[in-house]
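Per-entry structural report
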Amino acid sequence: MVALASYTLPKEERLCSRSEINRLFEGANRSLSAFPLRMVYTMVPRGEGESAARMMVSVPKRYFKRAVHRNRVKRQVREAYRHAKHDVLEMMGRYPDQTLLMAFVWVDAHLQDSSVVAEKVGNLIGRLCERC
């Protein structure tokens, strides 16, 4: 029996801790851009039982005043990441003692179609895999 790929995004793969988020944005980070998204990432030492990659999505209130629009964009980005995360996890297999912290930041004042968001997230992840 062949094991199917897991397309879930469990809590262990989400970046929630304020200290880790501060470390991501304040540390020696790198960024990639594919309009309307910007991805900020850095590698940190992996703790016991941590996932190889952790992500978060940020949609500033400056671009969308209504929470319903911010939440829609976050859902779109998380969904696109879920389908492309296997490339990231495969890349991180080469770094068993590191954890990749990523933040996807929305930088457009307009909503985009889900297919466009998926294309841009895939583009960012592909470029990330080439760099590391």
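Structure first, text after, so check above.
All of these numbers come straight from a predicted model, not from anything done at the bench. (Residues numbered from 1 in each chain as written. Predicted model: local features only at pLDDT ≥ 70, side-chain atom pairs only at ≥ 80, totals over all residues. Heavy atoms only, no water.)

1. Some remarks on the overall build of the protein chain
Counting secondary structure elements, the protein chain contains three helices and four strands. Reported as C-alpha extents along the three principal axes, the dimensions of the protein chain are approximately 40 × 40 × 25 Å. Taken over 132 residues, the protein chain has a buried fraction of 38%. Taken as two groups, the 23 positive and 14 negative side-chain charges of the protein chain have centres that lie 9 Å from each other. (Helix = DSSP H or I, 4+ residues; strand = E, 2+ residues; numbered from the N terminus. Buried < 20%, exposed > 50% of the residue type's maximum accessible area, 1.4 Å probe, protein only. Lys, Arg positive; Asp, Glu negative; His and termini not counted. Charge placed at Lys NZ, Arg CZ, Asp CG, Glu CD.)

2. Quick notes on unusual backbone geometry
Note that the residue after F35, namely P36, is joined by a cis bond; omega there is 15°. With respect to the secondary-structure elements, P36 resides in the loop between strand 1 (30-34) and strand 2 (37-45).

3. Quick look at the sheet that holds strand 3 (residues 53-58)
The strand order across the open sheet formed by four strands is 1-2-4-3, and the pairing between neighbours is mixed. The two strands at the open ends of the sheet, each matched to only one other strand, are strand 1 and strand 3. Strand-to-strand twist in this sheet, taken as the mean axis angle between neighbours without regard to direction, amounts to 20°. Here strand 2 runs beside strand 4 (residues 98-106); their pairing, made up of nine bridges, is antiparallel. Its bridge partner lying in strand 4, Y41 is registered against M102. Here helix 1 (residues 18-26) sits on the sheet and contacts strand 2, strand 3 and strand 4; the angle it forms with strand 4, its principal contact strand, is near 80°. (Pairing = 2+ DSSP bridges. Axes fitted to C-alpha atoms, helices over the stretch in contact; angles between N-to-C directions. Contact = heavy atoms within 4.5 Å.)

4. A look at the pairing of strand 4
Across the nine residues that make up strand 4, a large majority, eight, are buried. Direction of pairing for strand 3 relative to strand 4: parallel, over a ladder of six bridges. Bridge pairing links M55 to M102 in strand 4. Running through helix 2 (residues 67-92), the crossover from strand 3 to the neighbouring parallel element strand 4 is left-handed. (Right-handed = clockwise from strand over helix to strand, strands pointing away.)

5. Considerations on the environment of L24
Among the structural elements, L24 can be located in helix 1. The exposure class assigned to L24 is buried, which follows from its relative accessible area of 0%. Apart from the residues within four sequence positions on either side, L24 is in contact with L15, N29, V40, Y41, T42, L101, M102 and A103.

6. Quick look at the packing of helix 2 against helix 3 (residues 114-131)
Working note: a packed helix pair is described by the angle between its axes plus the distance between those axes. Where helix 2 meets helix 3, the axes come as close as 9 Å, and the angle between the chain directions of the two elements is 20°. It follows from the interaxial angle that helix 2 and helix 3 lie roughly parallel. Here helix 2 runs over helix 3; the crossing is right-handed. Here Q76, V77, A80, Y81, A84, D87, V88 and M91 of helix 2 come into contact with helix 3, specifically with S114, V117, A118, V121, I125, L128 and C129. (Parallel < 35°, antiparallel > 145°, perpendicular 65-115°, else oblique. Left-handed = near helix turned anticlockwise from the far one by under 90°.)

7. Focus: the pattern of salt bridges
Per the counting criterion, the structure on display carries three salt bridges. Of the charged contacts in the structure, one is a salt bridge between E20 and R54, with a shortest N-O distance of 3.0 Å. Of this pair, E20 sits in helix 1 while R54 sits in strand 3, and the two are 34 residues apart along the sequence. Accessibility assignment for this pair places E20 and R54 in one class, buried. Of the charged contacts, one joins E79 and R82 as a salt bridge, the two residues approaching to 2.9 Å between their closest N and O atoms. On the criterion of helical spacing, the pair formed by E79 and R82 is a turn pair, its members being three residues apart in helix 2. (Salt bridge = Lys/Arg side-chain N within 4 Å of Asp/Glu carboxyl O.)

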